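Observations on the model geometry
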Amino acid sequence: MVKKILIIQHTPWEGPGRLLLAAGKRHRLHYDIFRSWQDPIPELGGYAGLVVLGGSPNVDQEKQYPFLVLEKQVLREAVDRDMAVLGFCLGHQLLAHVLGARIGNNPQPSVGFIPGFVTHEGRDHPVFHGLPRELFLFKWHGQAVQEPLPSQLALLATSGDCQVEAFSVKCRPHIVGVQFDNHAADPEDVGEWLARDSKWLASLSTAREIDPAGMLEHAREKGAALKKEFALFFKNWLHLL
């Protein structure tokens, strides 16, 4: 039986990303994309896994983004079904929220490429199998999952910018959230994000510190390593389906 996943997208320009699509093609992955701002809510019965992308909303902005109400219900259903779930950025925060964690402002916005570190529990987790302890992370967020985490969650990765860079449900390794957006760390995606989200970037308290040219150069310099590491990370998660 062919396994198929559902990808939830929140913003027209913030799609699965070239690195995720390339990894999916390599594994002949079948998928549907649910565009939450316009598509009818899908039934989960035909899917083996759920990928939830990032986007502009904050977790608590249900009045401004009504689709968040239904999306949280979908995530709860996926968890109750014990489906494989992978959340990126907003998807990571929504998953954590559904699992009982608090979401709030990060100490400062985290944008660009930074080093991240796999924790002791992360080194034992199958999604980080074969990956280095120190990873290069592509970041694009102002809010974050807050510590302490609920007891059912394990901290898998952290950074100097953000305490909770990745988590999983204990004894359910197929349910994972990551705050970073390495699925879209390809230079073309980074350039598009810089152009399409320029108003948000300009609104940040750290706007003067953001260096678009430097960010693109980092994406190009680290491109081969980013692609290889994300491909392995995504392959590891797919094996948990």
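So, here's what we can say about the structure. On a predicted model such as this, the values are computed, not experimentally measured, just so you know. (Residues numbered from 1 in each chain as written. Predicted model: local features only at pLDDT ≥ 70, side-chain atom pairs only at ≥ 80, totals over all residues. Heavy atoms only, no water.)

Residue position: Pro-115 is located in strand β5 (residues 103-118). The class of Pro-115 is partly exposed, set by a relative accessible area of 38%. For the pair formed by Pro-115 and Ser-159, sequence separation is 44 residues and the distance between their alpha carbons is 6.6 Å. Filtering out sequence-adjacent residues up to four positions away, Pro-115 remains in contact with Glu-134, Leu-135 and Ser-159. (Helix = DSSP H or I, 4+ residues; strand = E, 2+ residues; numbered from the N terminus. Buried < 20%, exposed > 50% of the residue type's maximum accessible area, 1.4 Å probe, protein only. Contact = heavy atoms within 4.5 Å.)

This brings us to the pattern of salt bridges. Under the counting rule described, the total for this entry stands at 9 salt bridges. Close ionic contact of Arg-18 with Asp-189 constitutes a salt bridge, the shortest N to O distance being 2.6 Å. Placement of Arg-18 in helix α1 (residues 18-26) and of Asp-189 in helix α5 (residues 187-196) is noted, with a sequence separation of 171 residues between them. The class for Asp-189 is buried, based on a relative accessible area of 7%. Between Asp-82 and Arg-172 there is a salt bridge whose closest N-O contact spans 2.9 Å. One end of the pair, Asp-82, is in the loop between α2 (67-80) and β4 (84-88); the other, Arg-172, is in strand β9 (residues 172-178), and 90 residues separate them in sequence. Linked through salt bridges whose partners overlap, the residues forming this network are Arg-18, Glu-188 and Asp-189. (Salt bridge = Lys/Arg side-chain N within 4 Å of Asp/Glu carboxyl O.)

All right, on to the sheet that holds β9 then. Neighbouring strands of a sheet are bound in pairs by backbone hydrogen bonds; such pairs are parallel or else antiparallel. Strand order in the open sheet formed by 9 strands is β2-β1-β3-β4-β9-β8-β7-β5-β6, with mixed pairing between adjacent strands. Each edge of the sheet is formed by a strand with only one pairing partner; in this case those strands are β2 (30-35) and β6 (134-145). Here the strands of the sheet are splayed against their neighbours by 20° on average, with no regard to which way each runs. Together, β5 and β6 form the strand contacts of helix α7 (residues 212-221), whose direction differs from that of β5 by roughly 40°. (Pairing = 2+ DSSP bridges. Axes fitted to C-alpha atoms, helices over the stretch in contact; angles between N-to-C directions.)

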